[in-house]
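# A structural walkthrough
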Amino acid sequence: MKKQKSMGFSAEHRQFLKKRRQNVALVWSLRLGILVLLLGLWELSADLGWVDPFLTSSPSRIANTIASLYDDGTLFYHIGTTLWETLAGFAIAVAVGYGVALALWWSETVRKMLEPYIVVINALPKIALGPLIIIWFGTGSTAILFMTVLVGVIVAIMHMLSAFIETDKNKMLLLRSMGASKFQILTRLVVPSSLPAFISMLKVNVGMAWIGSIMGEYIVSRAGLGYLIVYGGQVFRLDLVMSATLILCVLAAGMYFLVVLLEKILLKNTEN
Amino acid sequence: MKKEMLRFSGVSLIYHTKLGETKAADALSFSVSEGEFVAVIGPSGCGKTTLLSLAAGLLKPSEGLVERQGSCGYMLQRDELFGWRTVEKNIFLPLEIKHIKTEENCERARALARKYGLGDFLQSYPSALSGGMRQRAALIRTLATDPDVLLLDEPFSALDYQTRLNVTEDVSGIIRSEGKTALLITHDISEAISLADRILVLSPRPARVTHEHTLDFGEEKNPMRRREMNGFSGWFEILWKELNA
């Protein structure tokens, strides 16, 4: 079908399309190339003793570490722990943040009342609350979950609230002229028109959720990727630190791509 | 004597802000009868939009009385179609808001859309429509609830000149053939002359009606042909002078 379609184009346009495809292919091969080059250089300098692999680790040592974690059955336990904390924290932060932002949009008085508090909580480095969180929630997953929610929820509130407030005034006027109630304005206009902002808030919060869960695991944990990183650092097993970091990269990227996929599905038909 | 659809009696409106109060309208009095097309012109910032908000009941007058018979439909400068809804769903929006989205009303709205050339675009999104077609869709959305009075707030001013002439012709034709009462706000003198039966001239803020003219184009309602008629430039001159007085 695609091929048939392109047959209808002029030679110049086919040339243009070909050039575009070539450009995309070039960019991708460069991206992969730089990765292979860096990994190769890293491996080589470790093997040839240019750097001390005890300090820098190396791709092959990382592969071995991951394989041995897999063999003793703890790999997916650690991944699962962190992934669960991150996803649950992300979901709660997004849901609560969205709900609070809606409430703040609804009532200007409540918004003005809470504004200074939100600003202060936003500015506060959440890690300062670490000791309190341990005392209140113990040393289990709950504490880490709480930390994850705490890091994400304020960002979610502020992001969504500003999107709700920026709802097109003329479209609001239009709905009011039709006799719309506040609830109708909310469901017909404010929520759908803020969908792009919702997606961008999700993207920001993917990062926030990982910060929260890993930070939480640094403070208090017995399992998870953050735990492996801290533990590896304490016992000077940098292979372990590097392995956990690498897995973290892959997971965070995967989660981000899921949001991008969601964006493509949800925003398919809008002009925003 | 035709039935009066809209009547302003000594309407004043004061806006209150932190820095003080602004009088936007001062003892406005006029009326619009059934089936009549009235244009209101005035210098920019004189409170024209305020007048429409008052007519729509979105603002309460500080003094005086606004009386309207029946329902009204509001049309704004930009089409304000919702990009996440299909053209059809956009047209159904006022039906949803008013809780009268019956199959009968939907079919009536669809019929209007088909009658005025949007039939093939009902399932498209507004982004697929040209500027002129978007404004036509906005008008059909306004007409979907079969309002008794149309309030038009410079509905053509955001369009480029050529589209504007075409859309003006379109919209005027639709309003005339549906027999609607219309109140048009504009700062464009020739647009007012080409469309209206009667023109009200407003003073700078606070808005008052300074002059009122009934146009003498007889039965000629087509904006394009009106522009070519002899009386057109004469009216332009008169209104121009009154606006700049």
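Above this text sits the structure in question.
The structure presented is a predicted model; accordingly, all values stated were derived computationally and were not measured. (Residues numbered from 1 in each chain as written. Chains lettered and ligands numbered in written order. Predicted model: local features only at pLDDT ≥ 70, side-chain atom pairs only at ≥ 80, totals over all residues. Heavy atoms only, no water.)

### With respect to the overall build of chain A
Helices and strands together make up the secondary structure of chain A, namely 13 helices and zero strands. Here chain A has a C-alpha radius of gyration of 24 Å; the compact-globule value for 272 residues is 19 Å, and the former is much larger. Along the longest, intermediate and shortest principal axes, the C-alpha atoms of chain A span 75 × 70 × 30 Å. Counting over 272 residues, chain A shows a buried share of 38%. Of the roughly 15,800 Å² that chain A leaves accessible, carbon and sulfur atoms contribute 70%. (Helix = DSSP H or I, 4+ residues; strand = E, 2+ residues; numbered from the N terminus. Rg over C-alpha atoms; globule rule 2.2 N^0.38 Å. Buried < 20%, exposed > 50% of the residue type's maximum accessible area, 1.4 Å probe, protein only. Areas by Shrake-Rupley, 256 points an atom, 1.4 Å probe, with all protein chains shown as cover.)

### Overview of the pairing of strand β7 (residues 181–186) of chain B
Residues and elements named next belong to chain B. A large share of β7 lies buried, amounting to six of its six residues. Of the two faces of β7, both are covered, the one formed by Thr181, Leu183 and Ile185 as well as the one formed by Ala182, Leu184 and Thr186. Bridge count between strand β3 (residues 37–41) and β7: five bridges; the pairing is parallel. Following the sheet pairing, Ala39 is matched in β7 by Leu184. As paired strands, strand β6 (residues 149–153) and β7 are joined by five bridges and run parallel to one another. Note that in β7 the partner of Asp153 across the bridge is Ile185. Taken together, β6, helix α5 (residues 161–177) and β7 constitute a β-α-β crossover, and its handedness is right-handed. (Pairing = 2+ DSSP bridges. Right-handed = clockwise from strand over helix to strand, strands pointing away.)

### Remarks on the nonpolar core
Leu175(A), Phe8(B), Leu51(B), Leu151(B) and Leu183(B) are the most contacted members of the largest nonpolar core, which totals 83 residues. Per-element tally for this core: the top contributor is helix α5 (residues 75–106) of chain A, with ten residues. Excluding its chain neighbours within four sequence positions, the residues that come into contact with Leu183(B) are Leu6(B), Phe30(B), Val32(B), Val38(B), Val40(B), Leu51(B), Leu52(B), Leu150(B), Leu151(B) and Leu152(B). With 47 residues, the next largest nonpolar core counts Leu95(B), Cys106(B), Val171(B) and Ile175(B) among its residues. (Core = buried A, V, L, I, M, F, W, Y, C linked by side-chain atoms within 4.5 Å. Contact = heavy atoms within 4.5 Å.)

### With respect to the packing of aromatic side chains
Residues and elements named next belong to chain A. In total, this model carries eleven aromatic pairs over all chains according to the counting rule given. Geometrically, the ring pair formed by Trp105 and Trp106 is edge-to-face, given 6.1 Å between the ring centres and 70° between the ring planes. Classification of Trp105 by relative accessible area gives buried; the value is 10%. Of the aromatic side chains, those joined through ring pairs into one cluster are Tyr98, Phe164 and Phe198. Directly above the ring of Trp28 sits Arg31, whose terminal nitrogen or CZ lies 4.7 Å from the centroid. Over the aromatic face of Trp105 sits the side chain of Lys182, whose NZ or CZ is 5.5 Å from the ring centroid. (Phe/Tyr/Trp six-rings, centres within 6.5 Å; stacked < 30°, edge-to-face > 60°. Lys NZ or Arg CZ within 6 Å of the ring centre and 35° of its normal.)

### Some details on the sheet that holds strand β2 (residues 20–33) of chain B
All names here are of chain B. Strand order in this open sheet of three strands is β2-β1-β4, and the pairing throughout is antiparallel. For this open sheet the edge positions go to β2 and β4 (63–68), each flanked by a neighbour on one side alone. If you compare each strand with its neighbour and ignore which way they point, the axes differ by 20° on average. In this structure, strand β1 (residues 4–17) lies alongside β2, joined through ten bridges in antiparallel fashion. (Axes fitted to C-alpha atoms, helices over the stretch in contact; angles between N-to-C directions.)

### Some thoughts on the environment of Glu96(B)
Mapped onto the fold, Glu96(B) is located in helix α2 (residues 87–97). Through-space distance from the C-alpha of Glu96(B) to that of Leu6(B) is 26 Å; in sequence the pair is 90 residues apart. When residues no more than four places from it in sequence are discounted, the contact partners of Glu96(B) are Gln184(A), Arg188(A), Arg85(B) and Lys101(B).

Keep in mind these values describe shape, not function.
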